[in-house]
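The chain contents come next:
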Amino acid sequence: MLRLATIEDAETIAGIHVRTWRTAYKGIIPAQHLASLSIEERANLWRRVISERHGTLLLAVASHGEAGFISFGPSRDKDGNEKAEIYAIYVLPKFWHQGIGGELLEGAERRIKDNHFIAVTLWVFEKNALARQFYEARGFGLDAARNEETIGGLLLAELRYEKRMPNLKPVRSR
């Protein structure tokens, strides 16, 4: 089940965020950086995101509790007119391969289509093969954009993926 996240969910979302980073990015992001991640700091970030309404945040709730979340809204990229962006999507490792990530993505895509965006983009670490396979299996394809970000003293490449929304004509203006 998906539901809109509330300010009371910030700590839960932060826990999912930190625990998922520590598993998904092991071997990609330096171990010292992953160990230093703070649930309290992430909870403050998510409280701010929710209270200031930076996009939409959906929480996936499974029979055994909260399992994952997705955050999305208008693209932050300079070339992102008429496009939405998935800012973050994380599912607790114990819930991987159970359809929750797909459910989160489908829920976001429905809302994105309802808001008349023509496409949705997301950024993923080049070395994150599991995530890249997940997005590609759901119709996302690489575009030409590439970023580099330094995390824990390591320079990491990020690739942008895009998925066109079917049968939509641009109607939004920025």
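Residues numbered from 1 in each chain as written. Predicted model: local features only at pLDDT ≥ 70, side-chain atom pairs only at ≥ 80, totals over all residues. Heavy atoms only, no water.

Asker: Whenever I open this one, the layout of surface pockets confuses me. Can you help?
Answerer: Any space left empty among the atoms is revealed by the rolling of a water-sized probe across them. Put simply, the largest pocket is a space of about 1200 Å³. For the largest pocket, the lining is made up of 42 residues, of which Tyr25, Ala88, Ile89, Tyr90 and Tyr135 are closest to its centre. Elements with a minimum of two residues in the lining of the largest pocket: α1 (10-24), α3 (39-51), β4 (83-91), α4 (100-114), β5 (119-125), α5 (129-137) and β6 (141-151). Looking at the lining of the largest pocket, the element that brings in the most residues is β4, giving seven residues. Taken as a whole, the second largest pocket spans an internal volume of roughly 200 Å³. What lines the second largest pocket is simply Leu4, Ala5, Val49, Ile50, Arg53, His54, Gly55, Thr56, Leu57 and Ser71. When residues of the lining of the second largest pocket are traced back to their parent elements, those giving at least two are α3 and β2 (56-62). Of the residues assigned to the lining of the second largest pocket, the class counts are five nonpolar, four polar and one charged. (1 Å grid on protein atoms, 1.4 Å probe; cavity = no way out; pocket = protein on both sides within 12 Å on 5 of 7 lines; lining within 4 Å. Points joined across faces, edges and corners; volume = space filled by probe spheres on them. Helix = DSSP H or I, 4+ residues; strand = E, 2+ residues; numbered from the N terminus. Nonpolar A, V, L, I, M, F, W, Y, C, P; charged D, E, K, R; others polar.)

Asker: What's the story with the packing of aromatic side chains in this structure? I'm lost.
Answerer: In this description, a pair of aromatic rings is defined by centroid distance and the angle of the planes. Under the counting rule described, the total for this entry stands at eight aromatic pairs. Between tryptophan 46 and phenylalanine 69, the ring centres sit 5.1 Å apart and the planes meet at 70 degrees, which makes this aromatic pair edge-to-face. One end of the pair, tryptophan 46, is in helix α3; the other, phenylalanine 69, is in strand β3 (residues 65-74), with 23 residues separating them in the sequence. We note that tryptophan 46, like phenylalanine 69, is buried. Their ring planes at 50 degrees and their centres at 6.4 Å tell us that tyrosine 135 and tyrosine 161 sit as a pair that is tilted. Here tyrosine 135, found in helix α5, pairs with tyrosine 161, found in strand β7 (residues 154-164); they are 26 residues apart in sequence, far enough to count as distant. (Phe/Tyr/Trp six-rings, centres within 6.5 Å; stacked < 30°, edge-to-face > 60°. Buried < 20%, exposed > 50% of the residue type's maximum accessible area, 1.4 Å probe, protein only.)

Asker: Got a minute to help me understand the pairing of β7 in this structure?
Answerer: Where a strand is regular, its side chains alternate between the two sheet faces. When you tally the buried positions in β7, you get eight out of 11 residues, the bulk of the element. The pairing of β5 with β7 spans seven bridges and is classified as antiparallel. Paired with valine 120 across the two strands is lysine 163, which belongs to β7. If you look at the hairpin formed by β6 and β7, you'll find two residues sitting between the two strands, and glycine 152 has a positive phi there, around 60 degrees. (Pairing = 2+ DSSP bridges.)

Asker: When you look at the pairing of β5 in this model, what are you seeing that I'm missing?
Answerer: Judged by how many residues are buried, β5 sits mostly within the fold: seven of seven residues are covered. Of the two faces of β5, both are covered, the one formed by Ala119, Thr121, Trp123 and Phe125 as well as the one formed by Val120, Leu122 and Val124. Between the parallel elements β4 and β5, the chain passes through α4 in a crossover that is right-handed. (Right-handed = clockwise from strand over helix to strand, strands pointing away.)

Asker: What am I meant to see in α4 here?
Answerer: Side chains three or four residues apart in an α-helix point the same way, a direct result of the helix having 3.6 residues per turn. Its 15 residues give α4 an end-to-end C-alpha distance of 21 Å, which sits within 8% of 21 Å, the value for a rise of 1.5 Å per residue. When α4 is considered as a whole, its buried residues turn out to be Ile100, Gly101, Gly102, Leu104, Leu105, Gly107, Ala108, Glu109 and Ile112. Once α4 ends, the next one or two residues include histidine 116, with phi positive near 65 degrees. (Expected span 1.5 Å × (residues − 1).)

Asker: I keep staring at the packing of α1 against α3 and nothing clicks. Help me out?
Answerer: Helix packing for two helices is described by the angle between their axes and how far apart those axes are. Running from N to C, α1 and α3 point in directions that differ by 125 degrees, and their axes come no closer than 8 Å. Classified by the angle between their axes, α1 and α3 sit oblique to one another. As α1 runs across α3, the sense of the crossing is right-handed. Two secondary-structure elements touch here, α1 through Ala10, Glu11, Ile13, Ala14, Gly15, His17, Val18, Arg19 and Trp21 and α3 through Ile39, Arg42, Ala43, Trp46, Arg47 and Ile50. Tallied by class, the residues present in the contact of α1 with α3 amount to nine nonpolar, two polar and four charged. (Axes fitted to C-alpha atoms, helices over the stretch in contact; angles between N-to-C directions. Parallel < 35°, antiparallel > 145°, perpendicular 65-115°, else oblique. Left-handed = near helix turned anticlockwise from the far one by under 90°. Contact = heavy atoms within 4.5 Å.)

Asker: Please clarify how the side chain of histidine 17 should be interpreted in this entry.
Answerer: Tracing the chain through its elements places histidine 17 in helix α1. When its relative accessible area of 5% is taken as the criterion, histidine 17 is described as buried. The contacts of histidine 17, once residues within four sequence positions are left out, are Arg42, Trp46, Phe69 and Tyr90.

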